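An overview of the molecular structure
Chain residues, written in single-letter form:
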Amino acid sequence: MATERTLSIIKPDATRRNITGKIIDKLESAGLRVIAQKRQHWSRDQAEAFYAVHKERPFYNDLVAFMTSGPVVVQVLEGDGAVAKNREVMGATNPADADAGTIRAEFAENIEANSVHGSDSAENAAIEIGMCFSENEIVG
């Protein structure tokens, strides 16, 4: 399997509860390496741009409001099959459907406040990483 990069976001519900370290431990224990990381409070413009693909969806405004409600931790993860591995470790979007031991099964509050975001493809990972990090912030 090829070494890939993917974007990971630890969402405001998780930063509010101070569980970022527990989430990062799960990612690293699965063989993913954090090669860039920063904690920031997104503006409405940043959240709208990041989630623009969902603009026509009924949950868009609530998602933007949630993602700007507190700090997030954005990370670039690297590893063999990083996109799929990260999605496996995160678990299903709906924590009720997430496998035991996954981040969402253990830490999500509900389907909206599900603690983490991860890129869904290598192509989207490249786009999302570019939206959140400059090349000189990524240290392999």
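Here the structure is shown first, and the text comes after it.
Keep in mind it's a predicted model, so treat the numbers as computed, not measured.

With that settled, consider the overall build of the protein. Helix and strand counts for the protein stand at seven helices and four strands. Radius of gyration (C-alpha) of the protein: 14 Å, near the 14 Å computed for a compact globule of 140 residues. By residue count, 46% of the 140 residues in the protein fall in the buried class. A sequence separation of at least 24 residues applies to 76% of the contacts in the protein between residues at least 6 apart. Distance from the positive charge centre (15 side chains) to the negative charge centre (21 side chains) of the protein: 4 Å.

Moving on, we get to the sheet that holds strand β1 (residues 3-10). Strand pairs in the sheet, formed through backbone hydrogen bonds, run parallel or antiparallel to each other. Sheet architecture is open: four strands sit in the order β2-β3-β1-β4, paired in antiparallel fashion. With partners counted over all chains shown, the strands left at the sheet margins are β2 (33-40) and β4 (116-118), one partner each. Averaged over neighbouring strand pairs, the angle between their axes works out to 20° when direction is ignored. Here β1 pairs with β4 via three bridges, running antiparallel. Opposite Ile10, over in β4, you have Val116 as the bridge partner. Against the sheet, helix α5 (residues 82-90) contacts β1, β3 (72-80) and β4, and its axis sits at roughly 35° relative to β1.

What counts, and where the lines are drawn
- Residues numbered from 1 in each chain as written.
- Predicted model: local features only at pLDDT ≥ 70, side-chain atom pairs only at ≥ 80, totals over all residues.
- Heavy atoms only, no water.
- Helix = DSSP H or I, 4+ residues; strand = E, 2+ residues; numbered from the N terminus.
- Rg over C-alpha atoms; globule rule 2.2 N^0.38 Å.
- Buried < 20%, exposed > 50% of the residue type's maximum accessible area, 1.4 Å probe, protein only.
- Contact = heavy atoms within 4.5 Å.
- Lys, Arg positive; Asp, Glu negative; His and termini not counted.
- Charge placed at Lys NZ, Arg CZ, Asp CG, Glu CD.
- Pairing = 2+ DSSP bridges.
- Axes fitted to C-alpha atoms, helices over the stretch in contact; angles between N-to-C directions.

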